[in-house]
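# Observations on the three-dimensional arrangement
Okay, here's what each chain looks like letter by letter:
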Amino acid sequence: MEWERLLSLRRFGDVKERLRKEQDETRLGFEVDYDRIIFSAAFRSLQDKTQVIPLSKTDFVHTRLTHSLEVSVVGRSLGRIAGKQILEKHPYLSDIYGYKFNDFGAIVAAAALAHDIGNPPFGHSGEKAIGEYFKNGNGQRFKSQLTNKEYQDIIDFEGNANGYKLLTESRKGVAGGLRLSYATLGAFMKYPKESLPKRPTKHIADKKFGVFQSDVDSFKEVAEELGLVPTASGADIGYSRHPLTFLVEAADDICYTIIDFEDGINLGLISEDFALEYLIKLVKDSINIKKYNELVYMEDRMSYLRALAINTLISDAIETFIANEEAILKGEFNVSLMERSKFKAQIQDILSISAKKVYQSQEVIEKEIAGYKVISDILEVYTTALIRQKENKGSNYDELIISTLPEFYRDTNGSIYSILLNACCYVASLSDSGAVHIHNKIMGKSL
(Lines give C-alpha, C1' and ligand atoms only; values in the text may rest on other atoms or scores of the structure.)
Protein backbone atom coordinates (compact mmCIF):
# COMPACT_ATOMS: atom_id res chain seq x y z
CA MET A 1 0.00 0.00 0.00
CA GLU A 2 1.11 3.56 -0.69
CA TRP A 3 0.54 6.49 1.63
CA GLU A 4 -0.35 8.89 -1.19
CA ARG A 5 -3.31 6.63 -2.08
CA LEU A 6 -4.21 5.83 1.50
CA LEU A 7 -4.60 9.55 2.23
CA SER A 8 -7.21 10.01 -0.50
CA LEU A 9 -9.52 13.02 -0.18
CA ARG A 10 -11.96 11.53 -2.69
CA ARG A 11 -15.64 11.43 -1.71
CA PHE A 12 -18.62 9.54 -3.11
CA GLY A 13 -19.74 11.07 -6.40
CA ASP A 14 -16.59 13.07 -7.11
CA VAL A 15 -15.97 13.64 -10.82
CA LYS A 16 -12.50 15.12 -10.43
CA GLU A 17 -9.54 14.42 -8.19
CA ARG A 18 -9.19 16.28 -4.89
CA LEU A 19 -5.58 17.31 -4.36
CA ARG A 20 -4.11 18.06 -0.94
CA LYS A 21 -2.18 21.06 -2.23
CA GLU A 22 -5.43 22.66 -3.39
CA GLN A 23 -7.18 22.31 -0.02
CA ASP A 24 -8.40 25.34 1.91
CA GLU A 25 -6.12 25.35 4.97
CA THR A 26 -8.85 26.95 7.08
CA ARG A 27 -11.17 23.94 6.63
CA LEU A 28 -9.43 20.83 5.36
CA GLY A 29 -11.37 17.96 3.84
CA PHE A 30 -10.42 15.61 6.65
CA GLU A 31 -11.65 18.15 9.20
CA VAL A 32 -14.94 18.38 7.30
CA ASP A 33 -15.32 14.63 7.96
CA TYR A 34 -15.15 15.27 11.70
CA ASP A 35 -17.77 18.03 11.47
CA ARG A 36 -20.18 15.91 9.45
CA ILE A 37 -19.95 13.04 11.92
CA ILE A 38 -20.41 15.16 15.03
CA PHE A 39 -23.51 16.89 13.61
CA SER A 40 -25.15 13.64 12.49
CA ALA A 41 -28.26 12.26 14.22
CA ALA A 42 -26.59 8.84 14.58
CA PHE A 43 -23.75 10.38 16.57
CA ARG A 44 -26.13 12.29 18.85
CA SER A 45 -27.94 9.08 19.78
CA LEU A 46 -24.71 7.82 21.39
CA GLN A 47 -25.38 10.13 24.35
CA ASP A 48 -27.89 7.55 25.64
CA LYS A 49 -26.18 4.32 24.63
CA THR A 50 -24.32 2.01 26.96
CA GLN A 51 -20.57 2.06 27.31
CA VAL A 52 -20.32 0.00 30.50
CA ILE A 53 -23.47 0.37 32.63
CA PRO A 54 -26.82 0.25 30.75
CA LEU A 55 -29.28 2.98 31.75
CA SER A 56 -26.96 4.26 34.47
CA LYS A 57 -28.46 6.83 36.84
CA THR A 58 -25.10 8.40 37.66
CA ASP A 59 -23.69 11.40 35.79
CA PHE A 60 -20.01 10.43 35.77
CA VAL A 61 -20.31 7.04 34.06
CA HIS A 62 -19.32 7.12 30.41
CA THR A 63 -21.82 6.72 27.59
CA ARG A 64 -20.90 5.79 24.02
CA LEU A 65 -20.87 9.53 23.29
CA THR A 66 -18.33 10.55 25.92
CA HIS A 67 -16.30 7.43 25.16
CA SER A 68 -16.24 8.29 21.44
CA LEU A 69 -15.16 11.87 22.11
CA GLU A 70 -12.32 10.66 24.31
CA VAL A 71 -11.25 8.03 21.79
CA SER A 72 -11.21 10.76 19.15
CA VAL A 73 -8.94 12.98 21.28
CA VAL A 74 -6.51 10.11 21.88
CA GLY A 75 -6.74 9.16 18.19
CA ARG A 76 -5.87 12.71 17.12
CA SER A 77 -2.71 12.61 19.23
CA LEU A 78 -1.75 9.19 17.87
CA GLY A 79 -2.34 10.36 14.29
CA ARG A 80 -0.36 13.58 14.66
CA ILE A 81 2.64 11.93 16.30
CA ALA A 82 2.66 9.10 13.77
CA GLY A 83 2.12 11.54 10.91
CA LYS A 84 5.12 13.61 11.90
CA GLN A 85 7.36 10.55 11.87
CA ILE A 86 5.90 9.21 8.62
CA LEU A 87 6.52 12.53 6.86
CA GLU A 88 10.11 12.57 8.15
CA LYS A 89 10.55 9.05 6.77
CA HIS A 90 8.72 9.78 3.48
CA PRO A 91 9.34 13.51 2.75
CA TYR A 92 7.85 13.19 -0.76
CA LEU A 93 4.40 13.09 0.84
CA SER A 94 4.92 16.65 1.97
CA ASP A 95 7.16 17.93 -0.85
CA ILE A 96 5.13 16.57 -3.77
CA TYR A 97 1.61 16.11 -2.41
CA GLY A 98 1.47 18.72 0.35
CA TYR A 99 0.41 16.47 3.23
CA LYS A 100 1.04 17.66 6.79
CA PHE A 101 1.20 15.76 10.06
CA ASN A 102 -2.12 17.25 11.16
CA ASP A 103 -3.79 15.44 8.24
CA PHE A 104 -3.00 12.11 9.85
CA GLY A 105 -4.40 13.38 13.14
CA ALA A 106 -7.59 14.64 11.48
CA ILE A 107 -8.22 11.31 9.70
CA VAL A 108 -7.70 9.22 12.83
CA ALA A 109 -9.75 11.65 14.96
CA ALA A 110 -12.71 11.51 12.55
CA ALA A 111 -12.61 7.72 12.19
CA ALA A 112 -12.26 7.33 15.97
CA LEU A 113 -15.18 9.68 16.55
CA ALA A 114 -17.36 7.39 14.41
CA HIS A 115 -15.98 4.06 15.60
CA ASP A 116 -19.07 3.20 17.71
CA ILE A 117 -21.68 5.03 15.65
CA GLY A 118 -23.36 1.81 14.49
CA ASN A 119 -23.60 0.11 17.88
CA PRO A 120 -27.08 -0.94 19.09
CA PRO A 121 -28.51 -0.09 22.52
CA PHE A 122 -27.35 -2.06 25.57
CA GLY A 123 -23.72 -2.35 24.44
CA HIS A 124 -22.29 -5.47 22.85
CA SER A 125 -25.14 -7.52 24.29
CA GLY A 126 -27.39 -5.52 21.95
CA GLU A 127 -25.52 -6.91 18.95
CA LYS A 128 -25.87 -10.41 20.32
CA ALA A 129 -29.57 -9.90 21.05
CA ILE A 130 -30.28 -8.93 17.43
CA GLY A 131 -28.37 -11.95 16.17
CA GLU A 132 -30.01 -14.32 18.64
CA TYR A 133 -33.49 -13.34 17.46
CA PHE A 134 -32.68 -14.56 13.95
CA LYS A 135 -30.47 -17.48 14.96
CA ASN A 136 -32.46 -19.04 17.79
CA GLY A 137 -35.65 -16.96 18.05
CA ASN A 138 -38.67 -16.50 15.80
CA GLY A 139 -36.44 -14.87 13.18
CA GLN A 140 -35.20 -18.34 12.19
CA ARG A 141 -38.22 -18.55 9.91
CA PHE A 142 -36.54 -16.21 7.42
CA LYS A 143 -33.39 -18.31 6.93
CA SER A 144 -34.66 -20.16 3.85
CA GLN A 145 -35.38 -16.84 2.11
CA LEU A 146 -31.85 -15.51 2.45
CA THR A 147 -28.46 -16.37 0.98
CA ASN A 148 -25.85 -17.70 3.38
CA LYS A 149 -24.06 -14.34 3.51
CA GLU A 150 -27.29 -12.39 3.99
CA TYR A 151 -28.31 -14.66 6.84
CA GLN A 152 -24.85 -14.38 8.40
CA ASP A 153 -25.15 -10.59 8.28
CA ILE A 154 -28.12 -10.65 10.64
CA ILE A 155 -27.30 -13.59 12.94
CA ASP A 156 -23.90 -11.99 13.60
CA PHE A 157 -25.22 -8.42 13.45
CA GLU A 158 -22.15 -6.24 13.65
CA GLY A 159 -22.02 -2.63 14.86
CA ASN A 160 -18.98 -1.95 12.69
CA ALA A 161 -20.84 -2.95 9.53
CA ASN A 162 -23.85 -0.90 10.61
CA GLY A 163 -21.52 2.04 11.19
CA TYR A 164 -20.21 1.81 7.65
CA LYS A 165 -23.80 1.64 6.40
CA LEU A 166 -24.78 4.75 8.38
CA LEU A 167 -21.79 6.72 7.11
CA THR A 168 -22.18 5.80 3.43
CA GLU A 169 -25.76 4.77 2.68
CA SER A 170 -27.61 6.85 0.10
CA ARG A 171 -31.14 8.06 0.76
CA LYS A 172 -33.54 9.93 -1.47
CA GLY A 173 -31.89 13.26 -2.18
CA VAL A 174 -28.80 12.36 -0.11
CA ALA A 175 -26.33 10.38 -2.20
CA GLY A 176 -23.39 8.75 -0.44
CA GLY A 177 -24.57 9.30 3.12
CA LEU A 178 -22.27 11.73 4.96
CA ARG A 179 -19.89 11.72 1.97
CA LEU A 180 -16.76 11.31 4.05
CA SER A 181 -13.32 11.16 2.50
CA TYR A 182 -12.24 7.68 1.48
CA ALA A 183 -9.21 8.01 3.77
CA THR A 184 -11.48 8.43 6.80
CA LEU A 185 -13.77 5.61 5.66
CA GLY A 186 -10.73 3.36 5.21
CA ALA A 187 -9.38 4.19 8.67
CA PHE A 188 -12.85 3.51 10.11
CA MET A 189 -12.98 -0.02 8.64
CA LYS A 190 -11.71 -2.12 11.52
CA TYR A 191 -12.69 -5.39 9.84
CA PRO A 192 -12.58 -4.82 6.05
CA LYS A 193 -14.41 -7.98 4.99
CA GLU A 194 -17.89 -9.39 4.52
CA SER A 195 -19.56 -11.74 7.01
CA LEU A 196 -18.49 -14.98 5.31
CA PRO A 197 -16.14 -16.74 5.43
CA LYS A 198 -16.17 -16.35 9.20
CA ARG A 199 -12.73 -15.79 10.73
CA PRO A 200 -10.83 -17.24 7.70
CA THR A 201 -7.44 -16.43 9.29
CA LYS A 202 -6.06 -15.39 12.67
CA HIS A 203 -5.30 -11.92 11.31
CA ILE A 204 -6.84 -9.20 13.50
CA ALA A 205 -8.66 -7.80 10.45
CA ASP A 206 -10.56 -11.09 10.06
CA LYS A 207 -11.78 -11.27 13.67
CA LYS A 208 -15.23 -9.91 12.75
CA PHE A 209 -16.73 -8.31 9.65
CA GLY A 210 -17.27 -4.72 8.64
CA VAL A 211 -19.63 -4.58 5.67
CA PHE A 212 -23.13 -5.91 5.01
CA GLN A 213 -24.04 -7.47 1.67
CA SER A 214 -26.08 -4.34 0.90
CA ASP A 215 -22.92 -2.20 0.96
CA VAL A 216 -20.32 -4.44 -0.70
CA ASP A 217 -20.16 -2.44 -3.94
CA SER A 218 -19.47 0.90 -2.28
CA PHE A 219 -16.97 -0.77 0.03
CA LYS A 220 -15.06 -2.24 -2.91
CA GLU A 221 -14.91 1.20 -4.53
CA VAL A 222 -13.41 2.72 -1.38
CA ALA A 223 -10.93 -0.14 -0.91
CA GLU A 224 -9.74 -0.02 -4.52
CA GLU A 225 -9.36 3.76 -4.48
CA LEU A 226 -7.19 3.49 -1.35
CA GLY A 227 -5.17 0.60 -2.75
CA LEU A 228 -5.95 -1.80 0.09
CA VAL A 229 -4.49 -5.26 -0.49
CA PRO A 230 -7.14 -7.92 -1.37
CA THR A 231 -7.02 -10.83 1.06
CA ALA A 232 -10.00 -12.96 0.00
CA SER A 233 -10.22 -15.31 -2.97
CA GLY A 234 -12.91 -16.13 -5.49
CA ALA A 235 -16.19 -14.30 -5.00
CA ASP A 236 -15.46 -13.41 -1.37
CA ILE A 237 -14.70 -9.82 -0.37
CA GLY A 238 -11.89 -8.97 2.01
CA TYR A 239 -8.99 -6.52 2.19
CA SER A 240 -6.05 -5.65 4.39
CA ARG A 241 -6.58 -2.89 6.91
CA HIS A 242 -5.89 0.75 6.20
CA PRO A 243 -2.73 1.41 8.28
CA LEU A 244 -4.38 4.21 10.25
CA THR A 245 -7.03 1.75 11.42
CA PHE A 246 -4.41 0.36 13.80
CA LEU A 247 -4.21 3.81 15.42
CA VAL A 248 -8.01 4.11 15.64
CA GLU A 249 -8.11 0.68 17.29
CA ALA A 250 -5.29 1.63 19.67
CA ALA A 251 -7.13 4.79 20.72
CA ASP A 252 -10.21 2.71 21.53
CA ASP A 253 -8.17 0.06 23.35
CA ILE A 254 -6.37 2.68 25.43
CA CYS A 255 -9.58 4.45 26.42
CA TYR A 256 -11.67 1.47 27.36
CA THR A 257 -8.78 -0.09 29.26
CA ILE A 258 -8.25 2.99 31.41
CA ILE A 259 -11.65 4.70 31.40
CA ASP A 260 -13.85 1.65 32.01
CA PHE A 261 -11.53 0.84 34.91
CA GLU A 262 -12.03 4.38 36.22
CA ASP A 263 -15.81 4.04 35.90
CA GLY A 264 -15.61 0.88 38.00
CA ILE A 265 -13.77 2.83 40.70
CA ASN A 266 -16.25 5.72 40.62
CA LEU A 267 -19.14 3.27 40.91
CA GLY A 268 -17.55 1.60 43.91
CA LEU A 269 -17.24 -1.71 42.06
CA ILE A 270 -13.43 -1.59 42.32
CA SER A 271 -11.76 -0.40 45.51
CA GLU A 272 -9.60 2.69 45.17
CA ASP A 273 -6.53 1.17 46.83
CA PHE A 274 -6.68 -1.88 44.59
CA ALA A 275 -7.21 0.22 41.48
CA LEU A 276 -4.46 2.71 42.19
CA GLU A 277 -2.02 -0.14 42.71
CA TYR A 278 -2.74 -1.46 39.20
CA LEU A 279 -2.46 1.96 37.55
CA ILE A 280 0.76 2.80 39.36
CA LYS A 281 2.30 -0.40 37.98
CA LEU A 282 1.52 0.90 34.49
CA VAL A 283 3.04 4.36 35.03
CA LYS A 284 5.84 3.56 37.47
CA ASP A 285 8.49 4.89 35.06
CA SER A 286 6.84 8.30 34.62
CA ILE A 287 5.04 9.04 37.87
CA ASN A 288 6.14 11.99 40.01
CA ILE A 289 5.74 10.48 43.48
CA LYS A 290 6.03 13.85 45.24
CA LYS A 291 3.27 15.36 43.10
CA TYR A 292 1.12 12.26 43.51
CA ASN A 293 1.42 12.26 47.31
CA GLU A 294 0.36 15.92 47.41
CA LEU A 295 -3.01 15.08 45.84
CA VAL A 296 -5.59 14.97 48.63
CA TYR A 297 -8.71 13.80 46.79
CA MET A 298 -9.27 10.45 45.11
CA GLU A 299 -10.65 12.14 41.98
CA ASP A 300 -7.43 14.12 41.56
CA ARG A 301 -5.24 11.05 42.09
CA MET A 302 -7.29 9.16 39.50
CA SER A 303 -7.11 12.04 37.04
CA TYR A 304 -3.33 12.24 37.39
CA LEU A 305 -2.82 8.51 36.96
CA ARG A 306 -5.28 8.36 34.06
CA ALA A 307 -3.40 11.09 32.17
CA LEU A 308 -0.06 9.38 32.77
CA ALA A 309 -1.44 5.99 31.75
CA ILE A 310 -2.94 7.30 28.52
CA ASN A 311 0.26 9.15 27.60
CA THR A 312 2.32 6.05 28.39
CA LEU A 313 0.18 3.87 26.15
CA ILE A 314 0.12 6.46 23.35
CA SER A 315 3.92 6.55 23.25
CA ASP A 316 4.07 2.77 23.33
CA ALA A 317 1.54 2.40 20.49
CA ILE A 318 3.42 4.89 18.30
CA GLU A 319 6.69 3.07 18.88
CA THR A 320 5.09 -0.21 17.77
CA PHE A 321 3.36 1.39 14.77
CA ILE A 322 6.47 3.07 13.39
CA ALA A 323 8.66 0.01 14.01
CA ASN A 324 6.21 -2.13 12.03
CA GLU A 325 5.22 0.40 9.34
CA GLU A 326 6.64 -1.68 6.50
CA ALA A 327 4.76 -4.82 7.55
CA ILE A 328 1.60 -2.79 8.09
CA LEU A 329 1.80 -1.32 4.58
CA LYS A 330 2.18 -4.85 3.19
CA GLY A 331 -0.86 -6.04 5.16
CA GLU A 332 1.35 -8.47 7.07
CA PHE A 333 1.05 -7.04 10.59
CA ASN A 334 -1.63 -9.32 12.00
CA VAL A 335 -2.30 -8.20 15.60
CA SER A 336 -3.41 -5.03 17.35
CA LEU A 337 -0.78 -2.54 18.49
CA MET A 338 -1.74 -3.22 22.12
CA GLU A 339 -1.04 -6.92 21.59
CA ARG A 340 2.61 -5.98 20.99
CA SER A 341 2.72 -3.51 23.87
CA LYS A 342 5.55 -3.73 26.35
CA PHE A 343 2.83 -3.09 28.94
CA LYS A 344 0.69 -6.03 27.82
CA ALA A 345 0.85 -7.74 31.23
CA GLN A 346 -0.30 -4.59 33.05
CA ILE A 347 -3.08 -4.02 30.49
CA GLN A 348 -4.32 -7.59 30.90
CA ASP A 349 -4.37 -7.21 34.68
CA ILE A 350 -6.54 -4.09 34.41
CA LEU A 351 -8.88 -5.66 31.83
CA SER A 352 -9.27 -8.79 33.97
CA ILE A 353 -10.34 -6.73 36.97
CA SER A 354 -12.76 -4.68 34.83
CA ALA A 355 -14.28 -7.86 33.40
CA LYS A 356 -14.79 -9.42 36.83
CA LYS A 357 -15.86 -6.37 38.80
CA VAL A 358 -17.60 -4.20 36.17
CA TYR A 359 -18.65 -6.03 32.99
CA GLN A 360 -19.91 -9.02 34.97
CA SER A 361 -21.41 -7.04 37.86
CA GLN A 362 -24.97 -7.86 38.90
CA GLU A 363 -26.27 -4.49 37.70
CA VAL A 364 -24.83 -4.95 34.23
CA ILE A 365 -26.03 -8.55 33.89
CA GLU A 366 -29.59 -7.76 35.01
CA LYS A 367 -29.92 -4.87 32.56
CA GLU A 368 -28.42 -6.88 29.70
CA ILE A 369 -30.99 -9.62 30.32
CA ALA A 370 -33.76 -7.04 30.12
CA GLY A 371 -32.14 -5.64 26.96
CA TYR A 372 -32.34 -9.03 25.24
CA LYS A 373 -36.08 -9.16 25.88
CA VAL A 374 -36.63 -5.57 24.75
CA ILE A 375 -34.74 -6.04 21.48
CA SER A 376 -36.30 -9.43 20.70
CA ASP A 377 -39.83 -8.11 21.23
CA ILE A 378 -39.26 -5.03 19.09
CA LEU A 379 -37.80 -7.10 16.25
CA GLU A 380 -40.68 -9.58 16.42
CA VAL A 381 -43.32 -6.88 16.10
CA TYR A 382 -41.65 -4.87 13.34
CA THR A 383 -40.34 -7.73 11.18
CA THR A 384 -43.72 -9.45 11.30
CA ALA A 385 -45.56 -6.29 10.29
CA LEU A 386 -43.11 -5.41 7.50
CA ILE A 387 -43.00 -8.88 5.94
CA ARG A 388 -46.79 -9.24 6.10
CA GLN A 389 -47.09 -5.88 4.37
CA LYS A 390 -44.68 -7.00 1.65
CA GLU A 391 -46.75 -10.16 1.11
CA ASN A 392 -49.98 -8.12 0.97
CA LYS A 393 -51.20 -9.81 4.14
CA GLY A 394 -50.87 -6.80 6.41
CA SER A 395 -53.54 -6.13 9.01
CA ASN A 396 -54.67 -2.78 10.34
CA TYR A 397 -52.45 -3.42 13.35
CA ASP A 398 -49.46 -4.02 11.06
CA GLU A 399 -50.11 -0.71 9.31
CA LEU A 400 -50.28 1.08 12.65
CA ILE A 401 -47.00 -0.52 13.75
CA ILE A 402 -45.25 0.41 10.50
CA SER A 403 -46.50 4.00 10.80
CA THR A 404 -44.46 4.36 14.01
CA LEU A 405 -41.23 3.75 12.11
CA PRO A 406 -39.20 6.62 10.69
CA GLU A 407 -40.12 6.92 7.00
CA PHE A 408 -36.79 5.56 5.77
CA TYR A 409 -37.45 2.19 7.44
CA ARG A 410 -41.04 1.71 6.17
CA ASP A 411 -40.19 0.60 2.63
CA THR A 412 -41.43 -2.93 1.90
CA ASN A 413 -40.69 -2.92 -1.84
CA GLY A 414 -37.20 -4.32 -1.48
CA SER A 415 -35.98 -7.86 -0.90
CA ILE A 416 -36.67 -9.83 2.27
CA TYR A 417 -33.02 -9.28 3.18
CA SER A 418 -33.20 -5.49 2.82
CA ILE A 419 -36.39 -5.33 4.91
CA LEU A 420 -34.94 -7.47 7.70
CA LEU A 421 -31.62 -5.64 7.66
CA ASN A 422 -33.43 -2.30 7.82
CA ALA A 423 -35.41 -3.54 10.81
CA CYS A 424 -32.15 -4.53 12.52
CA CYS A 425 -30.59 -1.17 11.71
CA TYR A 426 -33.65 0.63 13.06
CA VAL A 427 -33.34 -1.22 16.37
CA ALA A 428 -29.60 -0.48 16.37
CA SER A 429 -30.35 3.24 15.93
CA LEU A 430 -32.35 3.38 19.17
CA SER A 431 -30.86 4.69 22.38
CA ASP A 432 -31.13 2.56 25.51
CA SER A 433 -34.02 4.53 26.97
CA GLY A 434 -35.58 4.94 23.52
CA ALA A 435 -35.69 1.17 23.08
CA VAL A 436 -37.30 0.75 26.50
CA HIS A 437 -39.86 3.46 25.68
CA ILE A 438 -40.83 1.88 22.33
CA HIS A 439 -40.98 -1.56 23.93
CA ASN A 440 -43.38 -0.28 26.59
CA LYS A 441 -45.56 1.27 23.88
CA ILE A 442 -45.83 -1.71 21.55
CA MET A 443 -46.27 -4.14 24.45
CA GLY A 444 -49.11 -2.00 25.83
CA LYS A 445 -47.26 -1.24 29.06
CA SER A 446 -47.65 2.52 28.75
CA LEU A 447 -49.85 4.93 26.81
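Residues numbered from 1 in each chain as written. Predicted model: local features only at pLDDT ≥ 70, side-chain atom pairs only at ≥ 80, totals over all residues. Heavy atoms only, no water.

## Points about the overall build of the protein chain
A tally of helices and strands in the protein chain yields 21 helices and zero strands. Scaling as 2.2 N^0.38, a compact globule of 447 residues should have a C-alpha radius of gyration of about 22 Å, and the protein chain matches this with 22 Å. In the protein chain, buried positions account for 54% of the 447 residues. Residue pairs in contact within the protein chain that sit at least 24 positions apart in sequence constitute 72% of those at least 6 positions apart. Working note: accessible area of the protein chain is about 19,800 Å², and carbon and sulfur atoms make up 50% of it. If the 56 positive side-chain charges of the protein chain are averaged to one point and the 63 negative ones to another, these points end up 2 Å apart. (Helix = DSSP H or I, 4+ residues; strand = E, 2+ residues; numbered from the N terminus. Rg over C-alpha atoms; globule rule 2.2 N^0.38 Å. Buried < 20%, exposed > 50% of the residue type's maximum accessible area, 1.4 Å probe, protein only. Contact = heavy atoms within 4.5 Å. Areas by Shrake-Rupley, 256 points an atom, 1.4 Å probe, with all protein chains shown as cover. Lys, Arg positive; Asp, Glu negative; His and termini not counted. Charge placed at Lys NZ, Arg CZ, Asp CG, Glu CD.)

## Describing unusual backbone geometry
Omega for the bond connecting Leu196 with Pro197 falls within 30 degrees of zero, at 0°, which places this linkage in the cis form. Relative to the elements of secondary structure, Pro197 occurs in the loop between α10 (182-188) and α11 (216-226). In this model, Asn392 sits at a positive phi of 60°, which is unusual for a non-glycine residue. Positionally, Asn392 belongs in the loop between α18 (362-390) and α19 (396-403). On the accessibility criterion, Asn392 (73% relative accessible area) is exposed.

## Details of the packing of aromatic side chains
Given two aromatic rings, one states the distance between the centres and the angle between the planes to describe the pair. By the definition in use, this model includes 14 aromatic pairs. With a centroid separation of 5.6 Å and 65° between ring planes, the pair formed by Trp3 and Phe104 is classed as edge-to-face. Placement of the pair is Trp3 in helix α1 (residues 3-6) and Phe104 in helix α6 (residues 101-113), with a sequence separation of 101 residues. Here Trp3 and Phe104 have matching classes, each one buried. (Phe/Tyr/Trp six-rings, centres within 6.5 Å; stacked < 30°, edge-to-face > 60°.)

## A short note on the pattern of salt bridges
Under the definition given, this model contains 26 salt bridges. In this structure, Arg18 and Asp14 form a salt bridge, with 2.7 Å as the shortest nitrogen-oxygen distance. The partly exposed category is assigned to Arg18, whose relative accessible area is 34%. Between Lys281 and Glu277 there is a salt bridge, with the nearest N and O atoms lying 3.9 Å from each other. Of the two residues, Lys281 and Glu277 are both situated in helix α13 (residues 272-283); the distance of four residues between them amounts to about one turn of the helix. Given the relative accessible area of 40%, Glu277 is considered partly exposed. Where salt bridges share partners, they join Arg20, Glu25, Lys100 and Asp103 into one cluster. (Salt bridge = Lys/Arg side-chain N within 4 Å of Asp/Glu carboxyl O.)

## Describing the side chain of His242
Positionally, His242 belongs in the loop between α11 and α12 (245-266). Overall, the relative accessible area of 1% leaves His242 in the buried class. Within the local environment of His242, its side chain forms a polar contact with the backbone oxygen of Leu6, the two atoms lying 2.8 Å apart. (Polar contact = N/O pair within 3.5 Å; in protein donor to acceptor, adjacent residues only side chain to side chain.)

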